Amino acid sequence: MAYDKNNVFARILRGEIPCKKVHEDEHTLALHDINPQAKVHILVIPKGAYVSLDDFVTKASAREITALMRAVGKVARDFGLTEGGYRVLANCGRHAHQEVPHLHIHLFGGQPLGRMINPPKK
Ligand code: AMP
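First, a word on scope: everything that follows refers to the structure included in this document. This is a predicted model, so every value here is computed, not measured.

1. What about the site of the ligand?
Around the ligand, the surrounding shell holds 17 residues, and the nearest of these are Asp-33, Asn-91, Glu-99, His-104 and His-106. Take His-97: an N or O atom from its main chain is 3.2 Å from an oxygen atom of the ligand. One of the backbone N or O atoms of Val-100 is found 3.1 Å from an oxygen atom in the ligand. Protein burial of the ligand: of its 510 Å² of free accessible surface, 84% is covered by the chains. When atom positions are compared with the pocket grids, the ligand is found to occupy the largest pocket. Counting only elements with at least two residues in the shell around the ligand, the list comes to helix 1 (8-13), strand 2 (28-32) and strand 3 (40-46). Looking at the shell around the ligand, its residues break down into seven nonpolar, eight polar and two charged.

2. Side note on the pattern of salt bridges
Using the criterion set out here, one finds six salt bridges in the structure. With a shortest N-O distance of 3.1 Å, Arg-11 and Glu-16 are connected by a salt bridge. The exposure class of Arg-11 is partly exposed, given its relative accessible area of 33%. Take Glu-16: its relative accessible area is 42%, and that puts it in the partly exposed class. With a closest N to O distance of 2.7 Å, Lys-59 and Asp-55 form a salt bridge. Separated by four residues within a single helix, Lys-59 and Asp-55 lie in helix 2 (residues 53-59), roughly one turn from each other. In this structure Lys-59 comes out as exposed when scored by relative accessible area, which is 60%. Given the relative accessible area of 11%, Asp-55 is considered buried. Within the structure, one salt-bridge network assembled from shared partners comprises Arg-11, Arg-14 and Glu-16.

3. Quick notes on the packing of aromatic side chains
Scanning the entire structure with this criterion turns up one aromatic pair. Judged by centre distance (5.2 Å) and plane angle (75°), the rings of Tyr-50 and Phe-56 are edge-to-face. No difference in accessibility class separates Tyr-50 from Phe-56, as the two residues are buried.

4. Some thoughts on the nonpolar core
Judged by nonpolar contacts, the single largest core of 16 residues is most densely connected at Ile-42, Val-44, Phe-56, Leu-68, Ile-105 and Leu-107. For this core, the element with the most residues is helix 3 (residues 62-78), which contributes five residues. Setting aside its immediate chain neighbours within four residues, Ile-105 contacts Ile-42, Leu-43, Val-44, Leu-68, Val-72, Val-88, Leu-89 and Ala-90. Judged by nonpolar contacts, the second largest core, of seven residues, contains Phe-9, Leu-31, Ile-45 and Val-100.

Conventions used here
Per chain, the residues get numbers from 1 upward, laid out in the order the sequence is written. Two thresholds apply to this predicted model, a pLDDT of at least 70 for residue-level local features and 80 or more for giving and counting side-chain atom pairs, whereas whole-chain, interface and lining totals are computed over all residues. Side-chain figures throughout are based on the complete set of non-hydrogen atoms in the structure, without hydrogens or water. Any residue with a heavy atom lying within 4 Å of a molecule or strand is counted as near it. For the purposes of these results, a polar contact is taken to be a pair of N or O atoms within 3.5 Å, where, inside protein, one atom must be able to donate a hydrogen and its partner to accept one; residues adjacent in sequence count only when each atom of the pair is a side-chain atom. The method behind every accessible area is Shrake-Rupley, applied with a 1.4 Å probe, and residues are considered shielded solely by the protein chains displayed. For cavity detection a 1 Å grid was placed over the protein atoms alone, and a set of points counts as a cavity when a 1.4 Å probe fits there but cannot get out; an open set counts as a pocket when protein lies on both sides within 12 Å along at least five of seven lines, with lining residues being those that have an atom within 4 Å of a point. In this description, a molecule resides in a pocket or cavity if more than half of its atoms sit within 2 Å of the grid points defining it. Per the convention used, a helix needs a DSSP run of H or I reaching at least four residues, while a strand needs a run of E reaching at least two, with both numbered from the N terminus. Note on residue classes: Ala, Val, Leu, Ile, Met, Phe, Trp, Tyr, Cys and Pro are nonpolar, Asp, Glu, Lys and Arg are charged, and everything else, Gly too, is polar. Whenever a carboxyl oxygen of Asp or Glu lies within 4 Å of a side-chain nitrogen of Lys or Arg, that contact is scored as a salt bridge. Burial classes: relative accessible area under 20% of the type maximum marks a residue as buried, over 50% as exposed, and values in between as partly exposed (1.4 Å probe, protein chains only). In this scheme Phe, Tyr and Trp rings, the latter by its six-membered ring, pair at centre separations within 6.5 Å, and the angle between planes marks the pair as stacked below 30 degrees, edge-to-face above 60, and tilted otherwise. Only buried residues count toward a nonpolar core, which is a set of Ala, Val, Leu, Ile, Met, Phe, Trp, Tyr and Cys residues joined through side-chain atoms within 4.5 Å. Whether two residues touch is decided by their heavy atoms; if any such pair falls within 4.5 Å, the residues are in contact.

Geometric descriptors of this kind do not, in isolation, establish any biological role.
Spelled out as structure tokens, the structure:
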């Protein structure tokens, strides 16, 4: 998957599309998902142009990686998710149905979340 500089998160980062921002720091932005799949559904994205988790962990600096992980934890705490628990998910590539080619970490919570994944059809 190639990086498309006009993907929706790149456009949000450039301020071309509005978003419901919940956190921002030097390396990271967090926003409400436009089509929430749980009571709380937030996306945490790096500001750098990384297509996927694989791209990010092979090319990003230690500072960027640390910032992204810390932001996920901070947003979860800010939204009161730590006690009840939450789920963090990153779709990477075709089998995971990644739709937007800019790394985004989904943060789900605020309710029981059920099983981790749908078992694949045999
Ligand atoms: P994925 O299937 O992991 O690539 O997920 C892409 C996510 O981006 C979906 O949950 C969408 O609802 C979300 N999304 C798409 N456009 C926007 C937008 N403009 N603002 C916030 N979330 C969005």
